[in-house]
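Each chain, letter by letter, is given below.
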Amino acid sequence: MRVFGKTTIDFLAYRKIFYFISAALITAGIVSLVIKGLHFGIDFLGGTELVVEFTREVEIGEVRSAMDKAGFGDAEIKTFGSERDILIRTVKQGVGTTIGDQIRGGVATHFKDNPFTVIKEDKIGPKIGAELQRDAYLAVFFSLVAICLYVAFRFKFIYGVGALIALFHDVLITIGMVSIFDGLTPNLNLEISQNMIAAFLTLVGLSVNDTVVIFDRIRENQKIFRSMGLIELINKSLNETLSRTIITSGTIFMVLVVLFVFGGEVNSGFSFALVVGIITGTYSSIYIASATVVEWNERKARKKLA
Amino acid sequence: MRKYRFRIIVVAASVLLSIWFLLPTYQDYELSSQKKALTGADSIQFVEQHEKEIREFRKKRIKLGLDLQGGMRVVLEVNVVSLIEKLAKNKDDAFAAIIKEVRQQVARSDESPVVLFRSECERRGVRLSRYYLNLRDTDDDVFRFLEDEAKKAVDRGMQIVRNRVDQYGVSEPSIQKLGGTRIIVELPGVSNEREVQDLVGKTALLEFRLLKEPEVAARVMEGIDKYLAAKDSTNTPKDTSDITPEVEKTPEQFAKEHPFFAIAGFTQQGVASVVEENKDKVRRLLDRPDIQRLIPSDMEFLWSAKGQLGQDGKKYFTLYPAKKTAELEGGVITNARATIDPNYNQPIVTMEMNTEGSREWSRITGANINKRIAIVLDQSVFSAPVVRSKITGGHSQIEGMENLEEGKLLEIVLKAGALPAPVDIIEQRSVGPSLGEDSIRKGLLSAGLATLLTILFMVIYYHTGGVVADFAVVFCMLFILGVLAYFGGTLTLPGIAGIILTLAIAVDANVLIYERIREEQETGKTLRAAIDEGYSKAFSAILDSNVTTFITGLILFQFGSGPVQGFALTLIIGVAASMFSAIYITRIFFDIMTDKKQSLVNFG
């Protein structure tokens, strides 16, 4: 079976259009980041979070009024997977588990005839939150640098730069999408947690994986077709690797969709970010990473002429 | 076949090794599902019968993260500022102001509190020796002293928590030091936060308790033994003409007639010695209300905190018959130190008490010469020295430690009474067992489904090539789990996600190779040549792309925590395993097939 036979698509001819699309997506993301912002989870904000499982379904509004009475008017309340499971979160800090106990007490007095169990409880002190945040930034930063260095070492320097720009592009678009899509439907919970950071790093890995395969082919073709122009060469390489790109990305996409649908509440934000990431990652290998190399070369050529 | 022999052996060995590593995980699963089917007394009996196997398999199985099996994780931080405050002498208003300032700085800064304290003192032109050690000491001396005390406080905090967790009987607890001042406690299966409050919130209680006289202890234990034997014989009719002499009794007979002494050996010193595997059994026995009635109301059995190796290489715990009320509490201790006695070259621990304590101590020791006084921290006995003489002046010396290590432990314990380590809970996470089970189900469902879809797709798209790649995927999964079991790794929900992703990466390697082979075939090469070219040309792309994934995995492992580390771990293992199976193993299949039956090989 073949999805694509031999193709001769002139990918790079359309690159200006795609620059525009990328810029539009990134702008939309940044606008959303500025207006709506990101939804930081308890890992980074600190505070107390409980997931309460009731025996029967409850109204969110009821839980909210219970929390208002208990003195947690600022608490965030939403469903966690099903209508019986309610997540209650406050950024208030207290000694030991006092906040958790107060929340529990508030729920117990309001829902006397609907017994509940607490299936998850997290309490994060303010210092830990700040530290986790710093570690997350460091992790993303170091992996970007390490990957850039590796690619620059294995290929030419400008390829490393291309890969790095592509990675920034993917991360930016995905963060933007996470900001836009968070809370659009009640079951889509896209808060920035440790799992989400893991998703971003995986995205970085997968995206560069795709880029490297294309660069590898360019490197190989450069040795064979020494006199071929760079654009033609890259186009040829892109066409040759196209069917692999589609199949691999398609497989990963399929796996991620399964994870998103069946993987449970904990994995849903993770797989959402990766679904977006695998799409931009595949696309950016062509129109950002490879295109950067082309633009760089053309600028150099223009300079030489001038 | 001969020329493939070596490669086949390598693969077979890897597969067998993986299965071998995974066997305990499977056996553990079998045992626990058998146990689940039983209830109440049956299940306790089952546990007793299989105690050893359960322990054995538990140790070697793949551990489940707290997010999968439910449990609690607590991060404690020793409050070094409080410690500095407590240690100070001649506190004045200036000191209070410094402490207040440092406390605010600590909340914002990553710098060690001791360093912050020193610089704050220097900023205000206050010499550290004004509050610590002697006036002649330099700032550096005091600084080193405070650093040392802070370090010891963490050790003390860890010892206190470990001691309580051990008593609690949590299976597979994990207690680790993190950085300079933190302690991570992970308790699988515990989800009640009130229990944790008990575990870490309470101040440590150090007591000196008299042991009961050996005769009294012997009488009580005999009573228990007889009661149990009598109760046993009502169930199973016993041969009344018991003429076999004691010495010739088989262990079975002895166990029948002396059910208690068979598992708790009575020694001359008036204590009982219990082998590790029977500890829980004896503990449960002593907790029974009918047995409790046989123990005098002023007496209580306490366990030794640590086991000792017996001559048979097994670990033995000591059961001490102690008085229920303490003679003295540890708050009176002002200092303790483990050293080597220069005269006898033996490890000793010296202990100082305050005036009030010294007075009491001399009365207690004077009245109980040649009796044993147990040093008890939170209901565990750390040492039970014999009183040699009346101790006046509050200066005591404890001997009889096996080595300096044991002495150091006792020093930590004694100081826990003198200077309880002030700890704060800075992070606490708990996952209920039902959520954990739900997560496992969803994780396995999605992993299974993803695998199935991928396998189907590969066969449809690449025909025999796909079948071979699918074999590689299965091997890859086996290797990941095997390596995880070997390193005692922990499987978390993100970890399962990592395995699923690895699956995709493993498939990608084969896609790269097969696409290359197809290309080569199109240029008119023979099958064999196309396979050769395909593998060698695809290799550099596979290597480069895997290395980058590997790098992100390593960084994630370094900076992530808990479940996220689980993800990084499976990703790292997965990258290595997938390269081995997708390149090395599949090649053997194709080489053999092209040799034997070329018509079989088909890349779709």
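What counts, and where the lines are drawn
- Residues numbered from 1 in each chain as written.
- Chains lettered and ligands numbered in written order.
- Predicted model: local features only at pLDDT ≥ 70, side-chain atom pairs only at ≥ 80, totals over all residues.
- Helix = DSSP H or I, 4+ residues; strand = E, 2+ residues; numbered from the N terminus.
- Rg over C-alpha atoms; globule rule 2.2 N^0.38 Å.
- Buried ≥ 20, exposed ≤ 12 C-beta atoms within 10 Å, placed from the backbone.
- Contact = placed C-beta atoms within 7 Å.
- Pairing = 2+ DSSP bridges.
- Axes fitted to C-alpha atoms, helices over the stretch in contact; angles between N-to-C directions.
- Domains from an automatic or database assignment.
- Expected span 1.5 Å × (residues − 1).
- pLDDT = per-residue confidence, 0-100.
- Core = buried A, V, L, I, M, F, W, Y, C linked by C-beta atoms within 7 Å.
- Parallel < 35°, antiparallel > 145°, perpendicular 65-115°, else oblique.
- Nonpolar A, V, L, I, M, F, W, Y, C, P; charged D, E, K, R; others polar.
- Left-handed = near helix turned anticlockwise from the far one by under 90°.

Secondary structure assignment for chain B yields 21 helices and 18 strands. Against the globule reference of 25 Å for 604 residues, chain B gives a C-alpha radius of gyration of 32 Å, more extended than a compact globule. For chain B, the spread of C-alpha atoms along the three principal axes comes to 100 × 90 × 45 Å. Taking all 604 residues of chain B together, the buried fraction comes to 40%. Of all intrachain contacts in chain B linking residues separated by at least 6 positions in sequence, the fraction that spans at least 24 positions is 73%.

What follows covers the sheet that holds strand β1 (residues 47-54) of chain A. Spatial strand order, β2(A)-β3(A)-β1(A)-β4(A)-β17(B)-β2(B)-β4(B)-β3(B): eight strands in an open sheet with antiparallel pairing. The sheet terminates laterally at β2 (76-80) of chain A together with β3 (174-178) of chain B, the two strands that pair on one side only. Adjacent strand axes in the sheet meet at a mean angle of 20 degrees, parallel and antiparallel pairs treated alike. Summarising the sheet, strand β2 (residues 71-78) of chain B and strand β4 (residues 182-188) of chain B pair through seven bridges and their orientation is antiparallel. Bridge pairing links V74(B) to V185(B) in β4(B).

Residue and element names in this part refer to chain B. Taken in spatial order, the three strands of this open sheet run β12-β13-β16, and their pairing is antiparallel. Each edge of the open sheet is held by one strand with a lone partner, namely β12 (333-341) and β16 (395-398). Here the strands of the sheet are splayed against their neighbours by 20 degrees on average, with no regard to which way each runs. Bridge analysis of β12 against strand β13 (residues 346-353) gives eight bridges, and the strand direction is antiparallel. Each bridged residue has a counterpart across the sheet, and for D341 the counterpart in β13 is Q346.

Turning to its location among the elements, A450(B) is positioned in helix α17 (residues 433-462). For the pair A450(B) and A305(B), spaced 145 residues apart in the sequence, the C-alpha separation amounts to 49 Å. The residues contacting A450(B), other than those within four sequence positions of it, are V255(A), V258(A), L259(A), I500(B) and L503(B).

Right, let's talk about the interface of chain B and chain A for a bit. Across the boundary between the two partners, chain B contributes 57 residues, which contact 52 residues of chain A. Only α9 (193-201), β17 (423-431), α17, α19 (493-522), α20 (527-559) and α21 (563-596) of chain B provide two or more residues apiece to the side of chain B that touches chain A. Top contributing element to the side of chain B that touches chain A by residue count: α17(B), with 15 residues. Sheet topology note: the strand β4 (residues 116-124) of chain A/β17(B) ladder contains five bridges and is antiparallel. Across the sheet, E121(A) pairs through a bridge with S430(B), a residue of β17(B).

All names here are of chain B. For strand β14 (residues 373-377), a buried count of five out of five residues is recorded, marking the element as mostly surrounded by other parts of the structure. Here β14 shows no split at all, with I373, I375 and L377 on one side and A374 and V376 on the other all buried. Of the strand pairs in this sheet, strand β5 (residues 206-210) and β14 are connected by five bridges, and their pairing is antiparallel. Residue pairing for β14: E207 is matched across the bridge by V376. Judged from the three bridges that link them, β14 and strand β15 (residues 380-383) form a sheet pairing that is antiparallel. The residue bridging V376 from the neighbouring strand is V381, located in β15. Hairpin connection between β14 and β15: a loop of two residues separates the two successive antiparallel strands, and D378 in this loop has a positive phi of roughly 45 degrees.

A few words on the domain arrangement of chain B. Partitioning chain B into structural domains gives domain 1 (78-155), domain 2 (203-238 + 247-431) and domain 3 (432-600). Of note, the centres of domain 1 of chain B and domain 3 of chain B, computed from C-alpha atoms alone, are 55 Å apart.

On to the domain arrangement of chain A. It is common to give the size of an interface as the accessible area that goes away when the parts come together. All names here are of chain A. Considered domain by domain, chain A is made up of domain 1 (11-40 + 129-305) and domain 2 (47-124). Between the C-alpha centres of domain 1 and domain 2 there is a distance of 39 Å. Contact residues are listed per partner, giving four residues for domain 1 and four residues for domain 2.

Another aspect to go through is helix α5 (residues 126-154) of chain A. The end-to-end C-alpha distance of α5(A), which contains 29 residues, comes to 42 Å, matching closely the 42 Å that a straight helix rising 1.5 Å per residue would cover. Along α5(A), the residues classified as buried are G129(A), L132(A), A136(A), A139(A), V140(A), S143(A), L144(A), I147(A), C148(A) and V151(A). The secondary structure elements touched by the buried residues of α5(A) are α2 (42-45), β4, α6 (157-181) and α7 (194-224) of chain A together with α20 of chain B.

Residues and elements named next belong to chain B. Looking at chain B as a whole, the pLDDT averages 85, with 94% of positions reaching at least 70. Mean pLDDT in chain B bottoms out at α9, which sits at 67, and peaks at helix α18 (residues 464-486), which reaches 92. Taken over the whole predicted complex, pTM reads 0.77, whereas the ipTM for its chain interfaces reads 0.85.

Let's shift gears to the nonpolar core. In this structure, A163(A), F200(A), A273(A), I480(B), I500(B) and L503(B) are the most contacted members of the largest nonpolar core, which totals 126 residues. It is α19(B) that contributes the most residues to this core, 17 residues altogether. With residues up to four places along the chain from it excluded, the contact list for A163(A) reads I147(A), C148(A), V151(A), V208(A), T211(A) and A289(A). Counting 77 residues, the second largest nonpolar core, distinct from the first, contains A204(B), W303(B), Y320(B) and A338(B).

Residues and elements named next belong to chain A. Within the element layout of this structure, P126 appears in helix α5. P126 sits in the partly exposed class, given 15 other C-beta atoms within 10 Å. Separated by 95 residues in sequence, P126 and N221 have C-alpha atoms that sit 54 Å apart. The residues contacting P126, other than those within four sequence positions of it, are G46 and Q93.

Another aspect to go through is the packing of α17(B) against α19(B). All names here are of chain B. Contact pair α17 / α19: the axes reach a minimum separation of 9 Å and the direction vectors enclose 5 degrees. With respect to their mutual orientation, α17 and α19 come out roughly parallel. Facing S439, G443, S446, A447, A450, T451, T454, M458 and Y462 of α17, the residues of α19 in contact are L493, I496, I499, I500, L503, V507 and Y514. When the residues that make up the contact of α17 with α19 are grouped by side-chain class, the tally is eleven nonpolar, five polar and no charged.

On to the packing of helix α6 (residues 93-108) of chain B against helix α7 (residues 113-123) of chain B, then. All names here are of chain B. Relative to each other, α6 and α7 sit at 135 degrees, their axes nearing to 9 Å. On the basis of the axis angle, α6 is oblique to α7. Judged by the sense of rotation from one axis to the other, the crossing of α6 with α7 is right-handed. Seen from α6, the contacting residues are I98, E101, V102, Q105 and V106; seen from α7, they are P113, L116, F117, E120 and C121.

Moving on, we get to the environment of S599(B). Residue and element names in this part refer to chain B. Take S599: it is sitting in the segment after α21. By C-beta crowding, S599 is classed as exposed, having 8 other C-beta atoms within 10 Å. Separated by 587 residues in the primary sequence, S599 and A12 place their C-alpha atoms 26 Å from one another.

All names here are of chain B. Phi at L133 is positive, roughly 50 degrees, even though this residue is not glycine. By the secondary structure assignment, L133 is in the loop between α7 and α8 (139-168). For H463, which is not a glycine, the phi torsion comes out positive at approximately 50 degrees. Note that H463 resides in the loop between α17 and α18.

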